[in-house]
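Descriptive structure summary
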Amino acid sequence: NIDLVDNSKIRLGTSQDLQIYHDGNNSYIAESGTGNLNIDAGSLRLRRADGSQTFISGNTGAEVELFFAGNKKFETTSTGVSVTGGGTFTDDVTIDNSSPELYLTPDATKYSWMIAAQENVDQHFEITPSTTVGGTTFSTPALKISGVNSNATFAGTTTVQGTGDSSFVGNV
């Protein structure tokens, strides 16, 4: 055992670049050198002092997980990330893909709405309600909007309810 009083430091390196200490209230690992502080491990867990909750979990060649109050909220996967719960973004969200799609879903087995840019067509997107039956998804775009010629195409009947003004330019 090495027992040190508060504010005493374990100092490592010629310039004492790495220090481990306790100031009476908080504990520190301080790396002030020119390199990185590397922690090499097959698996890594950052947990509460009593071990009852994990904050961060990482596994070699696999997922990294972030937890809130012991509940997994964010996980890296082989195809990207998985988020449990909602998200708040204070800036733009970009989906960078040749044909990006955003699915709004009640569960992981089907989706209710898809918002997508049309593949290989500039300045177009569509909103599609979908139904999954027997593992097959059936969908027809309910709304297509073209940014090139300002055309909007609605599938089915279009109903305008309530009071207020409606304006149409061109053929109706």
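The model shown is predicted, which means the values in this text are computed figures rather than measured ones. (Residues numbered from 1 in each chain as written. Predicted model: local features only at pLDDT ≥ 70, side-chain atom pairs only at ≥ 80, totals over all residues. Heavy atoms only, no water.)

On a plain count of helices and strands, the protein comes out with 0 helices and 14 strands. Helices and strands in the protein line up, N terminus first, as β-β-β-β-β-β-β-β-β-β-β-β-β-β. As displayed, the protein has an accessible area near 13900 Å², and 49% of this comes from carbon and sulfur atoms. (Helix = DSSP H or I, 4+ residues; strand = E, 2+ residues; numbered from the N terminus. Areas by Shrake-Rupley, 256 points an atom, 1.4 Å probe, with all protein chains shown as cover.)

With that settled, the discussion passes to the sheet that holds strand 6 (residues 64–68). Strand order in the open sheet formed by 5 strands is 4-5-6-7-8, and the pairing between neighbours is antiparallel. Two strands close off the open sheet at either side, each with one partner strand: strand 4 (43–47) and strand 8 (80–83). In this sheet, neighbouring strand axes are inclined to one another by 10 degrees on average, regardless of whether the strands run parallel or antiparallel. (Pairing = 2+ DSSP bridges. Axes fitted to C-alpha atoms, helices over the stretch in contact; angles between N-to-C directions.)

Let us now look at the layout of surface pockets. Approximately 360 Å³ is the volume attributed to the largest pocket. Every residue lining the largest pocket is listed: Phe74, Gly80, Val81, Ser82, Val83, Gly85, Gly86, Gly87, Thr88 and Phe89. Per-element accounting of the lining of the largest pocket gives the leading share, 4 residues, to strand 8. (1 Å grid on protein atoms, 1.4 Å probe; cavity = no way out; pocket = protein on both sides within 12 Å on 5 of 7 lines; lining within 4 Å. Points joined across faces, edges and corners; volume = space filled by probe spheres on them.)

The geometry of two aromatic rings is summed up by the distance between their centres and the angle between their planes. All told, the structure shown has 1 aromatic pair when counted by the stated rule. The ring of tyrosine 21 has lysine 9 sitting right over it, with the charged end atom 4.5 Å from the ring centre. (Phe/Tyr/Trp six-rings, centres within 6.5 Å; stacked < 30°, edge-to-face > 60°. Lys NZ or Arg CZ within 6 Å of the ring centre and 35° of its normal.)

The side-chain alternation of strand 2 (residues 18–22) yields one buried face, formed by Gln19 and Tyr21, and one unburied face, formed by Leu18, Ile20 and His22. When strand 1 (residues 9–12) meets strand 2, the two strands line up antiparallel, connected through 4 bridges. Bridge assignment links arginine 11 to a residue of strand 2, and that residue is glutamine 19. Where strand 1 folds back onto strand 2 in an antiparallel hairpin, the turn is made up of 5 residues, including glycine 13, whose phi is positive at roughly 100 degrees. Where strand 2 lies against strand 3 (residues 27–31), 5 bridges are found, and the strand directions are antiparallel. Of the residues in strand 3, the one forming a bridge with glutamine 19 is alanine 30. (Buried < 20%, exposed > 50% of the residue type's maximum accessible area, 1.4 Å probe, protein only.)

A word on the sheet that holds strand 1. Read from one edge of the open sheet, 3 strands run 1-2-3, paired in antiparallel fashion. Each edge of the open sheet carries a strand with a single partner, namely strand 1 and strand 3. On average, adjacent strands in this sheet sit at an angle of 10 degrees to one another, irrespective of strand direction.

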